[in-house]
Amino acid sequence: MEITDINATKISNESWGEFIEFPLVTIMSKYEEYRNVDGENPQARRKWMGPVGDVVVEVETDAGITGVGVGNWGTGAIATVVEETLSKIVVGEDPTQREKLWEQLYRATLPFGRKGVAVMAISAVDQALWDIAGKEAGKPVYELLGGPTKDEIPAYASNLHPVDMETLEREAQEYAEAGFDAVKLRFPHGPEAGRSGMKENEKVVETVRDAVGDELEIAADAYMGWSVRYAKKMLDRLEPYDMAWVEEPVIADDIDGYAEVREAAPMPISGGEHEFTRWGHEDLLEAEAVDILQPDVGRVGGITEMMKVADMAEVHDVPVIPHAGTNPTLHAIAAHTNMPMAEYFPTPEWFQEQQEEKESTYADVIFENPPSPEGGSIPLPEEPGISTQLNREALEHFAVE
Ligand SMILES: [Mg+2]
């Protein structure tokens, strides 16, 4: 089998609908014009994220099999790297030589790569190569990764946003009733909101804890919007709520800061969603910066690299709960003993209703078959490949030049 062509399609983040407009603290919240407090500045995130949301990469072969991979939460520059640089390496090659091709792509992009866009592009191509392998074998990819290590994939409901407290409470209860064992919320504020912001951050956690009771795990995400000093103070305050983890308290490059926060925090600290390759993740592990590692299959270097990072983390006794439970991610989780759980983004009922009224759209609209849990767990995928099926109509509608 030989790779004959490779295409990258840029998809507008309009395909995420108004999902991107929820109020939450982000890495840009330090600056007022990028803050969306109480939903009053809904365009705050669009000002710095996008306009491209996802890049869909399709690798074609002379066997008539096409593999699909997605570079997400990024930039259209992923498409440029795929089409200008990666295509030169992979076209004409055997798509089953994944290890060799991965290293060639990594070395060829190293002068401008190592982290960021180049590795996101490699990640998408790697997913597509696994998809081809699965489709050729007629098996889901986890079968090729060593077989399933679980009968189903436990998932946590990760869509709690700091909207009004009544809605938050209702939504948290819905997830508990649906059978999820864990939920994740987002903090509304960072250091710039001072003591009243701290109070509101605490209120969000308290509301969810009261809503779900003692049985459920609660995690929360700071999306790199805090400083070390703020994180230490804020997390002390949250001790009574017995949290499963607090995610990305500081910027991804502040590994010493992570370690300092982790040392002081009364709950586990997670990170790695914005880290790249085995080398980047090794730095986090070596510094004992995290209790839970969260590589993203679209950033870490694809499924090939995700499995290596999970092996490394196992040596450090650090579980891997990958960022974003996309279809390719589920295959890695199914196959690895050190990946206990998937992130799952339910569409909040109240949000779905709002969207329908506005005839708007929602994230995942470009996929035909987003993961769908039953009773808090996602059944093992059965389709050959990485089970990403594209909605061609949506793809065309949201494609940008
Ligand atoms: Mg996160």
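Worth saying up front: this structure is predicted, and the values here are computed from it rather than measured.

Cut-offs applied
Residues numbered from 1 in each chain as written. Predicted model: local features only at pLDDT ≥ 70, side-chain atom pairs only at ≥ 80, totals over all residues. Heavy atoms only, no water. Helix = DSSP H or I, 4+ residues; strand = E, 2+ residues; numbered from the N terminus. Rg over C-alpha atoms; globule rule 2.2 N^0.38 Å. Contact = heavy atoms within 4.5 Å. Areas by Shrake-Rupley, 256 points an atom, 1.4 Å probe, with all protein chains shown as cover. Lys, Arg positive; Asp, Glu negative; His and termini not counted. Charge placed at Lys NZ, Arg CZ, Asp CG, Glu CD. Expected span 1.5 Å × (residues − 1). Bend = angle between axes of the 7 residues up to and from the residue. Buried < 20%, exposed > 50% of the residue type's maximum accessible area, 1.4 Å probe, protein only. Phe/Tyr/Trp six-rings, centres within 6.5 Å; stacked < 30°, edge-to-face > 60°. Lys NZ or Arg CZ within 6 Å of the ring centre and 35° of its normal. Donors = N, O, S within 2.8 Å, 3.2 Å for Na, K, Ca; no water. Domains from an automatic or database assignment. Buried area = accessible area lost by both parts, 1.4 Å probe. Salt bridge = Lys/Arg side-chain N within 4 Å of Asp/Glu carboxyl O. Polar contact = N/O pair within 3.5 Å; in protein donor to acceptor, adjacent residues only side chain to side chain.

What follows is about the overall build of the protein chain. Scanning the protein chain from N- to C-terminus turns up 13 helices and 12 strands. The C-alpha radius of gyration computed for the protein chain amounts to 20 Å, which stays within 12% of the reference 21 Å derived for 401 residues, consistent with globular compactness. Across its three principal directions, the C-alpha atoms of the protein chain cover 60 × 50 × 40 Å. The contacts of the protein chain with a sequence gap of at least 6 include a subset with a gap of at least 24, amounting to 73%. Counting only carbon and sulfur atoms, one obtains 44% of the accessible surface of the protein chain, whose full area is about 16500 Å². Averaging the locations of the 32 positively and 77 negatively charged side chains of the protein chain gives two centres separated by 7 Å.

Before going further, it helps to spend a moment on helix 1 (residues 77–90). The end-to-end C-alpha distance of helix 1 is 18 Å, a good match for the 20 Å that 14 residues give at a rise of 1.5 Å each. At Glu83, helix 1 is bent by approximately 35 degrees, the largest bend along its length. Those residues of helix 1 that sit buried are Ile78, Ala79, Val81, Val82, Thr85, Leu86, Ser87 and Val90. Close packing links the buried residues of helix 1 with strand 1 (3–12), strand 2 (52–61), strand 3 (66–72), helix 2 (98–109) and helix 3 (117–137). Where helix 1 ends, the next residue or the one after it, Gly92, has phi of about 95 degrees, a positive value.

This paragraph deals with the packing of aromatic side chains. Evaluated as defined, the whole model comprises 8 aromatic pairs. Centroid distance Tyr156 to Trp245: 5.1 Å. Interplanar angle 90 degrees. Geometry classified as edge-to-face. Here Tyr156 is found in strand 4 (residues 152–160), whereas its partner Trp245 is found in strand 7 (residues 245–247), with 89 residues between them in sequence. The same class applies to Tyr156 as to Trp245, namely buried. Taken together, the ring pairs connect Trp102, Tyr106 and Trp279 into an aromatic cluster. A cation sits over an aromatic face here: Lys47 above Tyr34, 5.4 Å from the ring centre. The side chain of Arg98 reaches across the aromatic face of Trp130, ending 3.7 Å from its centre.

Quick look at the coordination of the magnesium ion now. Distances from the magnesium ion to its protein donors, Asp221 (OD), Glu247 (OE) and Glu273 (OE), fall at 2.1 to 2.2 Å. Site description for the magnesium ion: donor spacing in sequence, D-x25-E-x25-E. Here Glu273 lies in the loop between strand 8 (269–271) and helix 9 (277–286) and Glu247 lies in strand 7, a separation of 26 residues in the sequence. Owing to a relative accessible area of 1%, Glu247 belongs among the buried residues under this scheme. Taking the relative accessible area as the measure of exposure, Glu273 reaches 3% and is therefore buried.

All right, on to the domain arrangement of the protein chain then. Per the domain assignment, the segments of the protein chain are domain 1 (3–138 + 391–400) and domain 2 (143–379). Residue-level contacts link 45 residues of domain 1 with 49 residues of domain 2. Buried surface at the junction of domain 1 and domain 2, summed over both partners, amounts to about 3800 Å²; 65% is from carbon and sulfur atoms. Linking domain 1 with domain 2 are 2 salt bridges, by the criterion used here. In this structure, Lys308 and Glu99 form a salt bridge, with 2.7 Å as the shortest nitrogen-oxygen distance. Connecting domain 1 to domain 2 are 14 residue pairs in polar contact (both at pLDDT 80 or more). Counting residues per element, the side of domain 1 that touches domain 2 draws most heavily on helix 3, which supplies 9 residues.

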